[in-house]
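Here are the chains, one letter per residue:
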Amino acid sequence: MRVVITGGTGFIGKRLSHELVATGYQVICLTRSSHPSDISGVRNVVWDGKTSAGWLEYVDGADAIVNLAGDNIASGRWSAAKKQSILASRVDAGEAVSEAVAKAQNKPKVVIQGSAIGFYGDCGPEPVNEKSLKGDLFLSDVVEKWEASTASVEEHGVRRAIIRTAMVLGNGGALAKMIGPFKSGLGSYLGAGHQGVSWIHIKDEVRAIIFLIENEKCNGIFNLSSIHPLTFNKFADDLGRVLGKRVLLRAPGFVLKLALGQMAEEVLLSGQFVMPVNLISAGFKFNFTDVDDALRDIVE
């Protein structure tokens, strides 16, 4: 059994690779680095992020392609060049996957297309699900084009599942950046703090992806998000409590916007209360539904 992963050296990709190998899969990780993988059972294959050159042979007869590639959206202020990189890195990778599927003699069984709940934009207090409309933010447009980049694989009879992932809690990603300040007593609320925080434990994220790979009836859009989203104020309080620290500071929204511009508006001050309706309907069961339990599992 073989799975090809783009973005396999990232936070989610590494954990997914570990679990796939443990389940008995051979994993091919497409990466720009020529270094061998430090995960037994994972083979790194160099690619350019734009074409199928150099890795087409691994797609032929593969059980799945998992497309997670994309530039980090929260690594600083968004210049015009950064916004172009955010979009191009995702669309180019998706088009490379589509190209590989089109050229493969024996088509892969499924393409798992990475995506994000940023599709829904800033939704206020109303919960959203997979049937909700696209938002009007820059990230909403990026996600729409990201998802469309692999749509053509369906014309070749390949099943496709789109995973709109929430904030992933684990030893990496956004949480890793928060823990240090919170432990030092410098954790803060962001803006008014009423923005929705939809989240998923890394273990459930990986389990959900494997669930979608292995369940042949699963196609279309799936929100990968816990059934209990919460406000940022509540999330900050919970994180502080788990770390034994009170949250006493608040970063005003206008200060964040001055410092980080549009990135602050769309990533830090906007939010969604996302429900994973399709994933639950397909029979998936979360191991972590309470954010306190999820945080304690990670930090204790």
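Draft legend 1. Up close: the side chain of Ser140. Tracing the chain through its elements places Ser140 in helix α4 (residues 138–148). Within the local environment of Ser140, its side chain forms a polar contact with the backbone oxygen of Phe119, the two atoms lying 3.4 Å apart. Aside from chain neighbours lying at most four places away, what touches Ser140 is Gly118, Phe119, Tyr120, Gly121, Lys134 and Gly135.

Draft legend 2. Geometry of the packing of aromatic side chains. Evaluation of the coordinates by the stated rule reveals 6 aromatic pairs. Ring centres of Phe119 and Tyr120 lie 5.3 Å apart, and the angle between their planes is 85°; this geometry places the pair in the edge-to-face category. Look at Phe119 and you get buried, because its relative accessible area is 9%. The class for Tyr120 is buried, based on a relative accessible area of 3%. A centroid spacing of 6.2 Å and a plane angle of 45° characterise the contact between Phe232 and Phe235, whose relative ring orientation is tilted. A residue pair is termed a helical-turn pair when its members lie 3 or 4 positions apart in one helix, as Phe232 and Phe235 do in helix α7 (residues 232–242) at 3 residues. Each member of the pair Phe232 and Phe235 is classed as buried. The side chain of Lys83 reaches across the aromatic face of Phe138, ending 4.8 Å from its centre. The ring centre of Trp146 lies 4.8 Å from the NZ or CZ of Arg90, which sits over that ring.

Draft legend 3. Quick look at the packing of α7 against helix α11 (residues 291–299). In contact at an axis separation of 10 Å, α7 and α11 are set at 40° when each is read in the N-to-C sense. In terms of their interaxial angle, α7 and α11 are classed as oblique. Here α7 and α11 pass one another in a crossing that is right-handed. The segment α7 lies against α11, with Phe235, Asp238, Leu239, Arg241 and Val242 engaging Val291, Asp292, Leu295, Arg296 and Val299. Looking at side-chain class alone, the contact of α7 with α11 contains 6 nonpolar, no polar and 4 charged residues.

Draft legend 4. Layout of the pairing of strand β4 (residues 64–67). Residue alternation in β4 divides its side chains into two sets, Ala64 and Val66 and Ile65 and Asn67, and both sets are buried. Two elements, β4 and strand β5 (residues 110–116), share 4 bridges in a ladder whose sense is parallel. What sits directly across from Asn67, in β5, is Gln113. As for the winding sense of the linkage, the β-α-β connection from β4 through helix α3 (residues 80–103) to β5 is right-handed.

Cut-offs used in this document
- Residues numbered from 1 in each chain as written.
- Predicted model: local features only at pLDDT ≥ 70, side-chain atom pairs only at ≥ 80, totals over all residues.
- Heavy atoms only, no water.
- Helix = DSSP H or I, 4+ residues; strand = E, 2+ residues; numbered from the N terminus.
- Polar contact = N/O pair within 3.5 Å; in protein donor to acceptor, adjacent residues only side chain to side chain.
- Contact = heavy atoms within 4.5 Å.
- Phe/Tyr/Trp six-rings, centres within 6.5 Å; stacked < 30°, edge-to-face > 60°.
- Buried < 20%, exposed > 50% of the residue type's maximum accessible area, 1.4 Å probe, protein only.
- Lys NZ or Arg CZ within 6 Å of the ring centre and 35° of its normal.
- Axes fitted to C-alpha atoms, helices over the stretch in contact; angles between N-to-C directions.
- Parallel < 35°, antiparallel > 145°, perpendicular 65-115°, else oblique.
- Left-handed = near helix turned anticlockwise from the far one by under 90°.
- Nonpolar A, V, L, I, M, F, W, Y, C, P; charged D, E, K, R; others polar.
- Pairing = 2+ DSSP bridges.
- Right-handed = clockwise from strand over helix to strand, strands pointing away.

Everything listed here is a matter of coordinates, which is why it stays silent on function.
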